[in-house]
Amino acid sequence: MSAPAPFWQTKTLEDMSREEWESLCDGCGRCCLHKLRYEVTEELGFTNVACRLLNLDTCQCTKYATRHRYVPDCVTLTPAEVRSIDWLPPSCAYRLLAEGKPLQWWHPLVSGTPETVHEAGISIRGRAVGERHAGPLDHHLVDWPGKMPRPRKPSPPKPASTSKRETT
Ligand code: SF4
Ligand code: SF4
């Protein structure tokens with residue numbers, strides 16, 4: 001008998017439990033990069049400048065549970081928000097599911113490890129600067145956060161060691 005399909009394939013965003021909802025985040029950190037909205041055109045500009053609470057190595061929020069004390073305008077994603085905002089990265093798991101697309105191999109829920117989002121080059125690791133050191137945001141305009149990333153291939157499994165411990 002085959003295993004039951006995982007929750008993200010069977011439930012709508014609205015039907016997920018809080019735990020399931022939180023586990024959907026792949027930990028890429030892309031949504032924590034600052035964006036610019038131009039007044040006249042309302043066009044969106046992505047930057048490579050990260051929110052001051054984002055750890056640039058782990059790509060995790062350093063104060064997730066209490067973040068609104070420090071960053072009051074940090075958005076709390078809900079199914080309605082996911083369906084209405086225009087700045088979620090195309091690789092974001094919430095956006096993918098809202099658009100009826102599958103999670104990719106590098107998503108931690110699929111791969112079983114949080115490292116694949118970094119190994120595949122999806123996360124912001126190595127590509128972002130902290131806002132405290134960045135200077136003007138318009139000096140940091142980039143387009144990659146708004147594009148679907150091309151994942152690096154998964155590393156092949158390491159060969160099993162053939163060496164044997166010598167006995168004396
Ligand atoms: S872009 Fe989406 S998947 Fe990535 S960290 Fe933000 S909420 Fe999580
Ligand atoms: S407060 Fe945390 S979750 Fe919100 S944008 Fe900043 S780093 Fe991301």
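What you see is a predicted model; the values in this text were computed from it and never measured.

Participant: Explanation requested: the overall build of the chain in the structure shown.
Facilitator: Counting its secondary structure elements, the chain contains eight helices and three strands. Seen in sequence order, the chain has helices and strands lined up from the N terminus as α-α-β-β-α-α-α-α-α-β-α. Principal-axis analysis of the C-alpha atoms gives the chain an extent of 75 × 45 × 30 Å.

Participant: What exactly am I supposed to notice about the site of ligand 1 here?
Facilitator: Taken together, Cys25, Asp26, Gly27, Cys28, Gly29, Arg30, Cys31, Pro89, Cys92, Ala93 and Tyr94 are the residues near ligand 1. Of the residues belonging to the shell around ligand 1, the class tally is seven nonpolar, two polar and two charged.

Participant: Sorry if this is basic, but what is going on with the nonpolar core here?
Facilitator: Soluble, globular proteins show a tendency: their nonpolar side chains are buried together. Ranked by size, the top nonpolar core spans 26 residues in total, and within it Cys32, Leu33, Ala50, Cys92, Ala93, Tyr94 and Ile124 carry the most contacts. For this core, the secondary-structure elements that each account for two or more residues are strand E2 (44-50) and helix H5 (93-98). Those residues within four positions of Cys92 in sequence are excluded, and the remaining contacts are Arg30 and Cys31.

Participant: I tried to follow the environment of Gly112 on my own but got confused; where do I start?
Facilitator: Tracing the chain through its elements places Gly112 in the loop between helix H6 (108-111) and helix H7 (116-119). Exposure remark for Gly112: the 9 C-beta atoms within 10 Å place this residue in the exposed category. For the pair Gly112 and Cys61, spaced 51 residues apart in sequence, the C-alpha to C-alpha distance is 21 Å.

Participant: Could you clarify how one ought to interpret the confidence of the model for the chain in this entry?
Facilitator: Predicted confidence across the chain gives a mean pLDDT of 92, with 91% of residues reaching 70 or more. Note on residues 162-168: pLDDT under 50 across the span, and zero contacts to partners over four residues away in sequence or across chains.

Participant: Help me understand unusual backbone geometry, please; the structure alone is not making it clear to me.
Facilitator: Note: most residues except glycine have negative phi, and most peptide bonds are trans. Positive phi, close to 60°, is recorded for Glu42, a residue that is not glycine. With respect to the helices, strands and loops of the structure, Glu42 is situated in the loop between strand E1 (33-37) and E2. Positive phi is not limited to glycine here, since Cys59 has a value of about 65°. Inspection of the secondary structure assignment puts Cys59 in the loop between E2 and helix H3 (67-70). According to the C-beta neighbour criterion, Cys59 is buried, with 22 such atoms within 10 Å.

Participant: Would you mind showing me how to read the pairing of E2 here?
Facilitator: Examined bridge by bridge, E1 and E2 share four bridges and lie antiparallel to one another. The residue bridging Leu36 from the neighbouring strand is Gly45, located in E2. The antiparallel hairpin formed by E1 and E2 contains six residues in its connecting segment, where Glu42 sits at a positive phi of about 60°. Of the strand pairs in this sheet, E2 and strand E3 (residues 129-130) are connected by two bridges, and their pairing is parallel. The residue of E3 that forms the bridge with Ala50 is Gly130.

What counts and how
- Residues numbered from 1 in each chain as written.
- Chains lettered and ligands numbered in written order.
- Predicted model: local features only at pLDDT ≥ 70, side-chain atom pairs only at ≥ 80, totals over all residues.
- Helix = DSSP H or I, 4+ residues; strand = E, 2+ residues; numbered from the N terminus.
- Near = placed C-beta within 6 Å.
- Nonpolar A, V, L, I, M, F, W, Y, C, P; charged D, E, K, R; others polar.
- Core = buried A, V, L, I, M, F, W, Y, C linked by C-beta atoms within 7 Å.
- Buried ≥ 20, exposed ≤ 12 C-beta atoms within 10 Å, placed from the backbone.
- Contact = placed C-beta atoms within 7 Å.
- pLDDT = per-residue confidence, 0-100.
- Pairing = 2+ DSSP bridges.

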